[in-house]
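# Examining the three-dimensional arrangement
Spelled out from the first residue to the last, the chains are:
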Amino acid sequence: MNSQRIADIVAKHGLEKFRAKQISDAFFKKHVRSWSEVAGLSAAVKEKLNAEEPVLRLTEHKLLESSDKRTYKALLKLGDGRIVESVLMEPLPGHWTACISCQVGCAMACTFCATGRMGLLRNMDSEEISDQVLYWRQFIAARKMDVQLSNIVYMGMGEPFHNRRHVFDSIDELTNAEGFGIGSRHISVSTSGLVKGIEELADRHPQVNLAISLHAASDELRDRLMPVANKAHNLDDLAESMQAYLKKTNRKIFIEYILLDGDNDSQAHAEQLATWLNKIQAKHLLHVNLIVYNQTESAHRESSRERARAFLGALEHRGVSATIRKNLGRDIDGACGQLAVMDQK
Ligand code: SAH
Ligand code: SF4
């Protein structure tokens, strides 16, 4: 459900115009799950809408809960039977984040990522993307969890800027004060470095947080780890685009760097990364998230704690702001990079 669809439904079913606000409040504020619970509609209209207008364009196929109850993963079935994954997690006590998908699979083929192994099956449309947020809001309301869904991250399956139109439309929906009403600063988009999207984000949603998946600071290594993304835009192009973004928005960029044992986690790699970052002006606006690798079907291995700490130390020594990111949801394959549904009918 989104504001466009509500407008279409009101027109198509001949409802009075003022109904749009009632319907929107019922779905986005009260999180009701069916038309029967929307106040003010006649029984006949409710019946017709229940039969013809599904509230969500996706249905729960499977739900997994981590043993610490701080991560839930849902497999959601789309209208054509394709399945995507969506994760709800609590990285900080009381602050829940939904990690949403924007494509079924991904074309970028990064070697460490389970989604990358699927290839791209199709783009999701804007309503399918924002419906994941509505699904999690309904989930929280139905379980009476008494928590707020504070943040939305586009870090599920897919490359957001390889599906720009629908992703930007979905951000418009999520930030629509009459609908989802989520503040831009509570939304983050992560990209493998597609520069057109970075530009468009600065123009259309300068307050939305940007994360860039870097993972290597030399083209030779990045070509290997992220073959499609880095061949499209090499590190020079990416640095230029980041520079323009910083100038336009004056907002922080989060640099994601997965530590892969023996591949990109040596002291020399840390130095290379620091040198690359330090060349960017306004480097005080850059923050590196060092990510612990979650095992997928690949030859990569997680760096040891010692190597991770030494890497962090080397960055800090060179004046780079960095932290090691916590991991949630590994026991249900709900952690970053573990999202994949191979058995797509
Ligand atoms: N396609 C976008 C967003 C989805 S991936 C992107 O690549 O940025 C979200 C984050 O998970 C990215 O930073 C990605 O690099 C990271 N990731 C992918 N595979 C991972 C793995 N196996 N372990 C840890 N993080 C992973
Ligand atoms: Fe796609 Fe991101 Fe996975 Fe790379 S890391 S394959 S861009 S989802």
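Residues numbered from 1 in each chain as written. Chains lettered and ligands numbered in written order. Predicted model: local features only at pLDDT ≥ 70, side-chain atom pairs only at ≥ 80, totals over all residues. Heavy atoms only, no water.

As a matter of local geometry, ligand 1 sits amid 22 residues, with Phe112, Gly158, Ser190, Ser213 and His215 nearest to it. Contacts to ligand 1 include Glu159, whose side-chain N or O atom sits 3.4 Å from a nitrogen atom. The separation between an oxygen atom of ligand 1 and a polar side-chain atom of Ser213 is 2.6 Å. Protein burial of ligand 1: of its 530 Å² of free accessible surface, 96% is covered by the chains. Those elements that provide at least two residues to the shell around ligand 1 are β8 (187-191), β10 (253-259) and β11 (286-292). The residue makeup of the shell around ligand 1, split by class, is ten nonpolar, ten polar and two charged. (Near = heavy atom within 4 Å. Polar contact = N/O pair within 3.5 Å; in protein donor to acceptor, adjacent residues only side chain to side chain. Areas by Shrake-Rupley, 256 points an atom, 1.4 Å probe, with all protein chains shown as cover. Helix = DSSP H or I, 4+ residues; strand = E, 2+ residues; numbered from the N terminus. Nonpolar A, V, L, I, M, F, W, Y, C, P; charged D, E, K, R; others polar.)

Scanning all chains against the criterion turns up nine aromatic pairs. A centroid spacing of 4.9 Å and a plane angle of 70 degrees characterise the contact between Tyr135 and Trp136, whose relative ring orientation is edge-to-face. Note on Tyr135: relative accessible area 6%, which makes it buried. (Phe/Tyr/Trp six-rings, centres within 6.5 Å; stacked < 30°, edge-to-face > 60°. Buried < 20%, exposed > 50% of the residue type's maximum accessible area, 1.4 Å probe, protein only.)

Looking now at the pattern of salt bridges. Taken as a whole and assessed by the stated rule, the structure comprises 26 salt bridges. Ionic pairing is found between Asp125 and Arg57, a salt bridge with its closest N-O pair at 2.7 Å. Taken as a pair, Asp125 in the loop between β6 (120-123) and α5 (126-142) and Arg57 in the loop between α3 (43-52) and β1 (58-65) lie far apart in primary sequence, 68 residues in all. A salt bridge links Arg325 to Glu256; the nearest nitrogen and oxygen atoms lie 2.6 Å apart. Of the two residues, Arg325 is situated in strand β12 (residues 322-325) and Glu256 in strand β10; the sequence distance between them amounts to 69 residues. By relative accessible area, Glu256 is classed as buried at 3%. Shared partners join several salt bridges into a network, and the residues in it are Arg5, Lys12, Glu53, Arg57, Asp80, Arg122, Asp125, Glu127 and Glu128. (Salt bridge = Lys/Arg side-chain N within 4 Å of Asp/Glu carboxyl O.)

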